[in-house]
Amino acid sequence: MTLTENSYRPDSRQSRVVSFSDALASLFDPTTFRRFEALGVGPGWCCWEVAGGSSVESWLAKKVGPTGKIVVTGTDSSWASGLSRSPVERRVHDVGAQDPPGEAFDLVHARLALVHVPDRARALRSMVKALRPGGRLLVEDTDLTLQPLICPDEYGPEEQLANRMRRGLHRFLAGQGTDLENGRRLPRLLRQSGMVRVEADAYFPVAAPACADLEAATIRQVRGDLVAGKFATDQDVEQHLTNIASGTMDLAAAPMISAWGRKR
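We now turn to the structure provided with this report. Model, not experiment: these values are computed from the prediction. (Residues numbered from 1 in each chain as written. Predicted model: local features only at pLDDT ≥ 70, side-chain atom pairs only at ≥ 80, totals over all residues. Heavy atoms only, no water.)

Here the focus is the nonpolar core. If you look at the biggest cluster of nonpolar residues, it comprises 34 residues, and the most contacted ones within it are L27, M165, L214, L226 and L251. Looking at this core, the elements that each hand over two or more residues are α1 (20-39), α5 (157-175), α7 (209-228) and α8 (234-246). Sequence-distant contacts of M165, defined by excluding residues within four places in its chain, comprise I219, L226, A232, D236, V237 and H240. In this structure, C46, W48, L137 and L189 belong to the second largest nonpolar core, which totals 25 residues. (Core = buried A, V, L, I, M, F, W, Y, C linked by side-chain atoms within 4.5 Å. Buried < 20%, exposed > 50% of the residue type's maximum accessible area, 1.4 Å probe, protein only. Helix = DSSP H or I, 4+ residues; strand = E, 2+ residues; numbered from the N terminus. Contact = heavy atoms within 4.5 Å.)

Pairing between sheet strands relies on hydrogen bonds along the backbone, with the strands arranged either parallel or antiparallel. With respect to topology, seven strands assemble into an open sheet ordered β3-β2-β1-β4-β5-β7-β6, the strand pairing being mixed. This sheet does not close on itself; its edge strands, each paired only once, are β3 (88-92) and β6 (195-203). Neighbour-to-neighbour, the strand axes of the sheet open up by a mean angle of 15 degrees, direction not taken into account. With five bridges joining them, strand β1 (residues 46-50) and strand β2 (residues 69-74) adopt parallel strand pairing. Within β2, the residue paired with V50 across the bridge is T73. Here α1 sits on the sheet in contact with β1, β4 (105-111), β5 (131-142), β6 and β7 (256-263), set at roughly 160 degrees to β4. (Pairing = 2+ DSSP bridges. Axes fitted to C-alpha atoms, helices over the stretch in contact; angles between N-to-C directions.)

Attention now goes to the packing of aromatic side chains. How two aromatic rings sit relative to each other is set out by the distance from centre to centre and by the angle between their planes. One pass over the structure, following the stated rule, counts six aromatic pairs. Seen from their ring centres, F33 and F36 are 6.4 Å apart, and the 25 degrees between their planes marks the pair as stacked. Placement of the pair is F33 and F36 together in helix α1, with a separation of three residues, close to one helical turn. With a relative accessible area of 0%, F36 lands in the buried category. In this structure an aromatic cluster arises from ring pairing among F33, F36 and W59. (Phe/Tyr/Trp six-rings, centres within 6.5 Å; stacked < 30°, edge-to-face > 60°.)

If you check which residues of helix α6 (residues 182-192) are buried, you get N182, G183, L186, P187, L189 and L190. Tucked inside the fold, the buried residues of α6 contact α4 (120-130), β5, β6 and β7.

Its location among the elements puts I70 in strand β2. For I70, a relative accessible area of 0% corresponds to the buried category. Considering only alpha carbons, one finds I70 and R90, 20 residues apart in sequence, at a separation of 8.4 Å. With sequence-adjacent residues up to four places away left out, I70 is seen in contact with C47, L60, A61, V64, P87, V88 and E89.

The subject of this paragraph is α4. Each α-helix winds once per 3.6 residues, and so residues spaced three or four apart point in a common direction. Residues of α4 that are buried: A123, L124, S126, M127, V128 and A130. Elements in contact with the buried residues of α4: β1, β4, β5, α6, β6 and β7.

All right, on to the pairing of β4 then. With seven of its seven residues buried, β4 lies for the most part within the structure. As defined by bridge partners, β4 adjoins β5 across six bridges and the pair is classed as parallel. In the strand pairing of β5, H109 is matched with L138. With respect to chirality, the unit in which β4 leads through α4 into the neighbouring parallel β5 is right-handed. (Right-handed = clockwise from strand over helix to strand, strands pointing away.)

Note on placement: E159 falls in helix α5. Here E159 sits buried without a salt bridge, and the closest side chain of opposite charge, R164, lies 11 Å off (N-O distance). Residue contacts for E159: discarding those within four places in its chain leaves C151, D153, E154, T248 and M249. (Lys, Arg positive; Asp, Glu negative; His and termini not counted. Salt bridge = Lys/Arg side-chain N within 4 Å of Asp/Glu carboxyl O.)

Let us now look at the pattern of salt bridges. Per the stated rule, a full pass over the model turns up 14 salt bridges. For R90, the salt bridge is made with E57, and the minimal N-O distance between the two is 3.3 Å. Here E57 lies in helix α2 (residues 54-64) and R90 lies in strand β3, a separation of 33 residues in the sequence. Of the residues examined, R90 reaches a relative accessible area of 21% and is grouped as partly exposed. Residue class for E57 comes out buried when judged on its relative accessible area of 10%. The residue R120 makes a salt bridge to D179 at a minimum N-O spacing of 3.1 Å. Separated by 59 residues along the polypeptide, R120 in helix α4 and D179 in the loop between α5 and α6 bring together distant segments of the chain.

Structure follows, in structure tokens:
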């Protein structure tokens, strides 16, 4: 099991269920959209959205208008078979194993797309190849160890349990081959892939309502794996979900690092 923007397995026992993708969108879309604005995305642009969520797809489609084009790719054939509506075209595509779905894009954007790709160098080369000269690349990924606590202010037993659960989640993800530190490497990786004028920033939300939604959705998604791997007990999971629902903890999300640059 890996955590991606388009994957979510609900738990019907929870009275309030917010999907993993919806929680991510609530937390990180404003930052992503501000970066799009700064990069100049506008009417007529041709964009490749790599494994993006529907909210990003919709924002880009409105921004580029009828004269633009948005190619949205993902490995899930059932998702990609959904109806494409101009200017959006959906395709089944593996960014880490296939050539880009075209070239001369004005923008290539990937959020939480590289962390689970075994050959990230190839994926980045593919993204750069897809750009026209002067085109922009924006890659965003969390860094789960740069700030490893779900409760930075660990002042009580609820927060201690939450941080213990977070450490178990990290051990599980590392065992699945997830690169927990990919976010911090993005500026260097973009430069190594040939991009110029590379910059980066990070957004670290703390005590936002969507932080609690994201944590609950994450735990529901991987609860079976955590228990099976003895990273947590079922009682730990139930208590942690109850604590989250109480709204009394100041939860944080892992920093989302955004790196961007231009093709020569």
